[in-house]
Protein chains: 2
Amino acid sequence: MVEHSRREMSSEEFRHWGREVVDWLADYWEQVDRYPVQSQLSPGDVRCMLPESPPEDGEQFEALLRDVQEIIVPGLTHWQSPNFFAFFPANVSGPSVLGELLAAGLGVQGMLWATSPACTELETHVLDWLVDMLGLPRRFKSSGPGGGVIQDSASSATLCALLAARERASGMRCRDEGIGLPLVAYASTQAHSSVEKAAAIAGLGAGNLRLVQADEEFAMRADCLAQAVEEDRKAGRVPFFVCATVGTTSSLAVDPVSEIGRLCRRERLWLHVDAAMAGIAALCPEHRHLHDGLELADSYCVNPHKWMLTNFDCDCFYVADREPLLRALTVLPEYLRTVPSESGQVIDYRDWQIPLGRRFRALKLWFVIRYFGVAGLRRLVRTHVALAREFADWVSADPDFRLAAPPALNLVCFRHVRGDAANRELLERLNSSGQVYLTHTVLDGALALRLCVGQAQTERRHVLAAWELIRAVADGL
Amino acid sequence: MVEHSRREMSSEEFRHWGREVVDWLADYWEQVDRYPVQSQLSPGDVRCMLPESPPEDGEQFEALLRDVQEIIVPGLTHWQSPNFFAFFPANVSGPSVLGELLAAGLGVQGMLWATSPACTELETHVLDWLVDMLGLPRRFKSSGPGGGVIQDSASSATLCALLAARERASGMRCRDEGIGLPLVAYASTQAHSSVEKAAAIAGLGAGNLRLVQADEEFAMRADCLAQAVEEDRKAGRVPFFVCATVGTTSSLAVDPVSEIGRLCRRERLWLHVDAAMAGIAALCPEHRHLHDGLELADSYCVNPHKWMLTNFDCDCFYVADREPLLRALTVLPEYLRTVPSESGQVIDYRDWQIPLGRRFRALKLWFVIRYFGVAGLRRLVRTHVALAREFADWVSADPDFRLAAPPALNLVCFRHVRGDAANRELLERLNSSGQVYLTHTVLDGALALRLCVGQAQTERRHVLAAWELIRAVADGL
């Protein structure tokens, strides 16, 4: 199979190496718990193993796969390890990965309906399914003036929401004329960093995002929001956008969406609800209260790529009225005009997002929903939530530790009683052991460790081992 | 293998279905020329074959694969068909698709160096390789103050360039304070629609993007640019950003980058060069003049996902100075702080892009460069360019047809002599035949057909068959 300066990979070769890669991945998943969860390499360690220059002649695929094992794997932080408890999860599954493989091989662009009708229609359809699966308001379905679209991330969804809000607030003039008003946006101090990033990108300035005070459970205080809006109005500024969070990154706090929503209606502010990870829990009826008040929201997003076995990227973004979004993002050059588009009968998703090109991401989401069934996905959520609750009980029962926030869904924030330095040292030792990976946050001005249960392979024994390790390391401090 | 409400796909099942999907793709590529290139379905045809509700219990993978064949494939426009000559190509290859498969299965997040060092370091390294491969200025290498990053698309690269420019022009104050100046951006009338979209998103307003007149070969007139800048300054506005295009979407026209660059230096404007597809041709020394003047650019982008066998998405974006970009896009919440980041020794690519999360896209690009070698990639470019030239010769020699623009690289713009209505009818009949897929543009106020040669499997016989079909259909008009 040696051949220099190849023009193509032959069909036989693809079949052969495709099987090898599939087996390599299956082996990897079987053994992923044996690797240090967080890569133990130092800056520059990977690069110094790579040749200075690219090869003039082609190499054999075998050499690539060998280098993946020898150079890349030691440089990975293993997000699919059952001992990965850091950040929020980004869990994957066989059906999802095979959906991604198919999408890559088909290589279609879904920028316009005409450039691959199935890519657009499957996306619309599966996003309608998800409205039912999560008990979202019907106004987010494509049958009315609203609808859903897959974005790469909640960051992009938040930006799109903010752009649509900006357009509506400016009487649909901002797209053409620029920001002519002293616009002000709002989110809680606990909101995700992407809200600040969106305000910066959109040209509002991060300083015109008000970070509203949170209560003792880290949820936005609606009374403080009302006050901030009033003060801004008095000062001649123009409030236009509120981002409420269902499940903050630090502690999974849930903002009072109903109360915020009523205020937004009254004040005519765009309400975006960011439920990036936590929204997935609404698969289960017992968690559906997370979405209380959502019927008052103008837009919403949730990430199957976090906690629904769908590999990144797959953020589902919904709007109740697509017009301001399209107005903000549509540009129609001659070379993209098509007959179906001009008929008004079809969706062209390029106008619902920042980039023009788009992959066939609905395929993997469709595969996941069908392969696991709604019941299977629900079971995964329940398993993770039960494990996190058990962990929280262990923490509560241990005199050396305290919960740092009310345990919520699959996340437990906790700290050792001996203060920040001890907690920092504890975290550092845990992660450099390679046996687990946790991350931290600051709550009430003090460091807290976060343990989030969300990987596909995580079982009770992994959570228990993590807790035993935490206690052992803490004892040795 | 029937099991309801699955929690996981077993390793054996993944190996089995992985092989099936690999074989399915190999079969698909072998037969892709037999499908109508553009999907022949009508709006709604795909959706009406999909069940109203998602399944409560899991389904067998076999059922998914069957539905891909029966429901999805007829709804695809086959971008990988050798008879696809529309838009710009988005060619894929075996090694790229297998790289994507690995990236999906590893499921790592490259948002921070620490969240997978190999993901960041391989990206930096391969983007440095590409600087050498395309003969780009050394200032785009990561060894100095600049460097490269993979974006999803040239649209996002253009937006990032504009945001960095906006930050620099505002004395690094726009990120926090918002747009306080009457900023004006420039591109030619032939520039990609994403420049207008970026101006809208960034809050400048699309009306503050000046579309500068192009010459008879559709390249930006540097004298008109100079005049526009002067007029805006006189009117009290603040010119800050120019997007020059190397290879416009309509006709692959190349703006005079050297001349524009000198003007930008003199006027202290940020120069971004968008070489989305055409830049790949610089793999070949005989096309490297495309990059003349690039040493004057502040940023640059080129898309391996268009013409370098790397499946979408993979846009390579470079800056000569990373500081304004990082200033525009960095937000650092507590939960993302890591020791390596604070050491200043590593790159955290989340600060180089709009979203936070990111896939391990460098893997597929690394695979492509190594498997084909630089010589193999160069050969692909030369093959496509030669085929397009031959097609242009056939057009020139036919009294019924005229070239609509100078043939450039792998694109030929042409038209039938009988005017717009005839050309529209010709295009409609060609595409609805399913035998080829071409798109159109408007040049000099008249419709033109575009034939772009760029798919991996396209050979001389396909281009010849396309020409024979075009002539036959034209004869029947």
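For clarity, every value in this text was computed on a predicted model and none was experimentally measured. Just so you know, the residues in each chain are numbered from 1, in the order the chain's sequence is written. All chains are assigned letters beginning with A, and all ligands numbers beginning with 1, in the order in which they are written. Residues qualify for local features only when their pLDDT is at least 70, as the model is predicted, and side-chain atom pairs are given and counted only at 80 or more; totals for whole chains, interfaces and linings, by contrast, use all residues. Values reported for side chains reflect all heavy atoms of the structure, with hydrogen atoms and water molecules removed beforehand.

## With respect to the domain arrangement of chain A
Residue and element names in this part refer to chain A. Annotation comment: domain bounds sourced from an automatic or database domain assignment. Considered domain by domain, chain A is made up of domain 1 (11–78), domain 2 (99–367) and domain 3 (374–475). On a C-alpha basis, the centres of domain 1 and domain 3 stand 31 Å from each other. Across the contact, eight residues belong to domain 1 and seven residues belong to domain 3. Buried surface area refers to the total accessible area, computed with a probe of radius 1.4 Å, that the two partners give up upon joining, counted for both partners together. Between domain 1 and domain 3 the total buried area reaches about 570 Å² when both faces are included, carbon and sulfur atoms providing 47% of it. Three residues stand out in domain 1 for area buried against domain 3, namely Val37, Gln38 and Gln40, and they jointly supply 64% of the buried area on that side. Broken down by class, the residue content of the side of domain 1 that touches domain 3 amounts to five nonpolar, three polar and no charged. In what follows, residue pairs with any heavy atoms lying within 4.5 Å of each other are defined as contacts. Under the convention adopted here, Pro, Cys and the residues Ala, Val, Leu, Ile, Met, Phe, Trp and Tyr are nonpolar, Asp, Glu, Lys and Arg are charged, and Gly plus all remaining residues are polar.

## Observations regarding the pairing of strand β4 (residues 238–245) of chain A
Residue and element names in this part refer to chain A. Three labels apply to residues, based on accessible area from a 1.4 Å probe with only protein chains included: buried if under 20% of the type maximum, exposed if over 50%, partly exposed otherwise in between. Put simply, DSSP H or I for four residues or longer makes a helix, DSSP E for two residues or longer makes a strand, and each gets a number counted from the N terminus. In terms of burial, β4 is a largely internal element, seven of the eight residues being buried. Two strands pair under a simple rule: DSSP has to find at least two bridges between them. Relative to β4, strand β2 (residues 183–188) runs parallel, the two sharing five bridges. In the strand pairing of β4, Ala187 is matched with Cys243. Where β4 and strand β5 (residues 270–274) come together, five bridges link them in parallel fashion. The residue bridging Ala244 from the neighbouring strand is Val273, located in β5.

## Overview of the pattern of salt bridges
We count a salt bridge whenever a side-chain nitrogen from Lys or Arg sits within 4 Å of a carboxyl oxygen from Asp or Glu. Overall, the coordinates contain 68 salt bridges over all chains when judged by the stated rule. A:Glu30 is the partner of B:Arg15 in a salt bridge, and the nearest nitrogen-oxygen pair spans 3.1 Å. With B:Arg15 in helix α1 (residues 11–31) and A:Glu30 in helix α1 (residues 11–31), the pair connects residues from two separate chains. Looking at B:Arg15, the relative accessible area reads 17%, which means it is buried. With a shortest N-O distance of 2.7 Å, A:Arg382 and A:Glu286 are connected by a salt bridge. Linking A:Arg382 in helix α13 (residues 362–397) with A:Glu286 in the loop between β5 and β6 (299–302), this pair joins segments that are 96 residues apart in sequence. Taken together, the shared-partner salt bridges in this structure form one network comprising A:Arg15, A:Arg19, B:Asp23, B:Asp27 and B:Glu30.

## Notes on the sheet that holds strand β8 (residues 401–403) of chain B
Residues and elements named next belong to chain B. The strand order β8-β9-β11-β10 describes an open sheet built from four strands, whose pairing is antiparallel. Either end of the sheet is taken by a strand with one partner, and the two such strands are β8 and β10 (439–443). Within this sheet the neighbouring strands show an average axis-to-axis angle of 40°, counted without direction. Looking at chain direction, β10 and strand β11 (residues 446–452) are connected through five bridges and run antiparallel. What sits directly across from Val442, in β11, is Leu447. Only the stretch in contact is used when fitting a helix axis, every axis being a line fitted to C-alpha atoms; angles between N-to-C directions are given from 0 to 180 degrees.

## Some points on the pairing of β5(A)
Residues and elements named next belong to chain A. With five of its five residues buried, β5 lies for the most part within the structure. Judged by which residues are buried, β5 turns out to be covered on both faces: Trp270, His272 and Asp274 on one side and Leu271 and Val273 on the other are all buried. When β5 meets β6, the two strands line up parallel, connected through three bridges. Bridging across to β6, Asp274 finds its partner in Cys301.

## Here's the deal with the packing of α1(A) against helix α3 (residues 94–106) of chain B
One way to put it is that α1(A) packs onto α3(B) with a least axis distance of 10 Å and a crossing angle of 10°. Regarding the angle of α1(A) to α3(B), the classification is roughly parallel. Each of A:Phe14, A:Trp17, A:Gly18, A:Val21, A:Val22, A:Trp24, A:Leu25, A:Tyr28 and A:Trp29 in α1(A) lies in contact with α3(B), whose residues at this interface are B:Gly94, B:Val97, B:Leu98, B:Leu101, B:Leu102, B:Gly105 and B:Leu106. Considered class by class, the residues forming the contact of α1(A) with α3(B) number 13 nonpolar, three polar and no charged. Roughly parallel means an angle under 35 degrees; roughly antiparallel means over 145; roughly perpendicular covers 65 to 115; every other angle is labelled oblique.

## Overview of the packing of helix α14 (residues 420–433) of chain B against helix α15 (residues 460–475) of chain B
Residues and elements named next belong to chain B. Taken N-terminus to C-terminus, the directions of α14 and α15 make an angle of 125°; their axes are 10 Å apart at the nearest point. In terms of axis orientation, α14 runs oblique to α15. The crossing of α14 and α15 is right-handed. Taking contact as the criterion, the partners of Leu426, Arg429, Leu430 and Ser433 in α14 are, on α15, Leu469, Ile470, Val473 and Ala474. Residues that form the contact of α14 with α15 fall into these classes: six nonpolar, one polar and one charged. Handedness of a crossing is defined here by the sense of rotation of the near helix relative to the far one, left-handed for an anticlockwise turn of less than a right angle and right-handed for a clockwise turn.

## Things to note about the interface of chain A and chain B
The figure often quoted for interface size is the accessible area lost as the parts come together. If you look at the interface, chain A gives 160 residues, while chain B gives 160 residues. Buried surface at the junction of chain A and chain B, summed over both partners, amounts to about 13800 Å²; 62% is from carbon and sulfur atoms. On inspection of chain A and its partner chain B, the count reaches 18 salt bridges. Residue A:Arg370 pairs with B:Asp67 through a salt bridge whose shortest N-O separation is 2.7 Å.

## Let's talk about the relation of the copies chain A and chain B
When chain A is brought onto chain B, the operation consists of a screw motion whose angular component is 180° and whose axial shift is 0.0 Å, with 0.0 Å RMSD remaining. Interpreted geometrically, this transformation is the action of a two-fold axis. Of the residues that chain A buries at the interface, 100% are likewise interface residues in chain B, meaning the two copies contact each other through the same surface. C-alpha atoms of residues with pLDDT of at least 70 in both copies form the basis for the least-squares superposition of the copies.

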